[in-house]
Amino acid sequence: QQKVQQSPESLIVPEGGMASLNCTSSDRNVDYFWWYRQHSGKSPKMLMSIFSNGEKEEGRFTVHLNKASLHTSLHIRDSQPSDSALYLCAARGSGYNKLTFGKGTVLLVSP
Amino acid sequence: GGIITQTPKFLIGQEGQKLTLKCQQNFNHDTMYWYRQDSGKGLRLIYYSITENDLQKGDLSEGYDASREKKSSFSLTVTSAQKNEMAVFLCASSGTGQDTQYFGPGTRLLVL
């Protein structure tokens, strides 16, 4: 059974700082990763996805993927209090319809 | 764009009761999912369906039934609610060849 491990469990960064979140899959068949953000009391919203080795940047958000180690990371620069949320990593195994989610990282950006 | 609606928003039940949660989507997506989320933690897959009348078990299917009555709707039944159970049930959908999942607002369950 595929597992998706996220670290750290929680993270506090000052406003304007850099937040770095990690995610690793134990399934060698994984070919696609997603990062979702879930604000308190709301439903998860897709933030970014990546399937190629390397990095992808969208505004203040950068995602890295190392397919050999099945490790992805999400970096948020110039963090804002509105970035405070639960960040969920999800992975898809090749040929499967379903995603496996990690337990999430709680990010708190302190003003 | 589209939207996923879940009913009811809040559900309070009694121990042993059978409870049904409903989900509708107008994305015209083929695949629909039911997840359980405890205490703001990660999502655990209960059931999913890749087309009308199809059902696939997830990691947490025991104690639940599901029904895909038509392409746009997917229901979940808690067969026997457990006392002190408290969780959020999230419905999601995704299109063919696009695995990004879109989530509904959730149903919050409390069992007394």
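Scroll up for the structure.
Throughout this document, residue positions are counted from 1 along each chain, in the order its sequence is written. Written order decides the labels, with chains lettered from A and ligands numbered from 1. Given that this is a predicted model, residues contribute local features only at a pLDDT of at least 70 and side-chain atom pairs are listed and counted only at 80 or more, while totals for whole chains, interfaces and linings are drawn from all residues. Side-chain descriptors were evaluated using all non-hydrogen atoms of the structure, hydrogens and water having been removed beforehand.

## Things to note about the overall build of chain B
Counted only if it meets this: Note on conventions: DSSP H or I runs of at least 4 residues are helices, E runs of at least 2 residues are strands, and numbering of each starts at the N terminus. What the globule rule says is 2.2 Å times the number of residues to the power 0.38, and the radius of gyration is computed from C-alpha atoms. Here the term buried applies to any residue with accessible area under 20% of the maximum for its type, exposed to any over 50%, and partly exposed to those in between, with areas from a 1.4 Å probe on protein chains only. Here, two residues are considered to be in contact whenever any of their heavy atoms come within 4.5 Å of each other. Neither His nor the chain ends contribute to the count of charged residues, in which Lys and Arg are positive and Asp and Glu negative. Taken as the charge centre is NZ of Lys, CZ of Arg, CG of Asp or CD of Glu, depending on the residue.
Counting its regular elements, chain B contains zero helices and eleven strands. Overall, chain B shows an N-to-C arrangement of helices and strands of β-β-β-β-β-β-β-β-β-β-β. A compact globule built from 112 residues should have a C-alpha radius of gyration of about 13 Å, and chain B, at 13 Å, falls within 12% of that. Counting every position in chain B, which comprises 112 residues, the buried fraction comes to 51%. Counting only contacts in chain B whose residues sit at least 6 apart along the sequence, the fraction spanning at least 24 positions is 54%. If the 12 positive side-chain charges of chain B are averaged to one point and the 11 negative ones to another, these points end up 7 Å apart.

## A look at the environment of Arg 68 of chain B
Residues and elements named next belong to chain B. Inclusion rule: Counted as a polar contact is a pair of N or O atoms within 3.5 Å, where, for protein atoms, one must be capable of donating a hydrogen and the other of accepting one, and residues adjacent in sequence contribute only when both atoms are in side chains.
By the element assignment, Arg 68 lies in strand 7 (residues 64-70). In sequence terms Arg 68 and Glu 52 are 16 residues apart; their C-alpha atoms lie 5.6 Å from each other. A distance of 2.9 Å separates a polar atom in the side chain of Arg 68 from the backbone oxygen of Asp 30.

## Describing the environment of Leu 70 of chain A
Residue and element names in this part refer to chain A. Its place among the elements puts Leu 70 in the loop between strand 7 (61-66) and strand 8 (71-76). Its relative accessible area of 4% is what places Leu 70 among the buried residues. Considering only alpha carbons, one finds Leu 70 and Asp 31, 39 residues apart in sequence, at a separation of 8.7 Å.

## Concerning the sheet that holds strand 7 of chain B
Residue and element names in this part refer to chain B. Heads up, the condition is: Paired strands, in this sense, are two strands between which DSSP finds at least two bridges. For helices, the fitted axis covers only the stretch in contact; all axes are lines through C-alpha atoms, and the angles between them, taken along N-to-C directions, range from 0 to 180 degrees.
Taken together, the four strands give an open sheet; going across it, the order is 1-3-8-7, and neighbouring strands pair in antiparallel fashion. At either margin of the open sheet sits one strand with a lone partner, and together these are strand 1 (4-7) and strand 7. Looking at each pair of strands side by side, their axes are set apart by 15 degrees on average, direction ignored. Relative to strand 3 (residues 19-25), strand 1 runs antiparallel, the two sharing four bridges. Paired with Thr 7 across the two strands is Lys 22, which belongs to strand 3.

## What to know about the state of the cysteines
Residues and elements named next belong to chain A. Stated precisely, the cut-off is as follows: When two cysteine sulfur atoms are found within 2.5 Å, that pair is recorded as a disulfide.
By the definition in use, this model includes two disulfides over all chains. Covalently, Cys 23 is tied to Cys 89 through a disulfide, its sulfur atoms 1.9 Å apart. For the disulfide bridge between Cys 23 and Cys 89, the dihedral angle about the S-S bond is near -70 degrees, and by the sign convention the bridge is left-handed. Here the residue Cys 23 occupies a position in strand 3 (residues 19-25), and Cys 89 occupies one in strand 9 (residues 85-93), the gap between them amounting to 66 residues.

## Some details on the packing of aromatic side chains
To keep it simple, the criterion reads: Ring pairs shown here join Phe, Tyr and Trp side chains whose ring centres sit within 6.5 Å, with only the six-membered ring taken for Trp; geometry is labelled stacked below 30 degrees between planes, edge-to-face above 60, and tilted in between.
This model, assessed by the stated rule, comprises eleven aromatic pairs over all chains. Judged by centre distance (4.5 Å) and plane angle (15 degrees), the rings of Tyr 32 of chain A and Trp 34 of chain A are stacked. You can call Trp 34 of chain A buried: its relative accessible area is 1%. Taken together, a centroid distance of 6.1 Å and an interplanar angle of 25 degrees make the contact between Tyr 33 of chain B and Tyr 35 of chain B stacked. Through pairs of rings, three or more aromatic residues link up here, namely Tyr 36 and Phe 101 of chain A together with Tyr 33, Tyr 35, Tyr 48 and Phe 103 of chain B.

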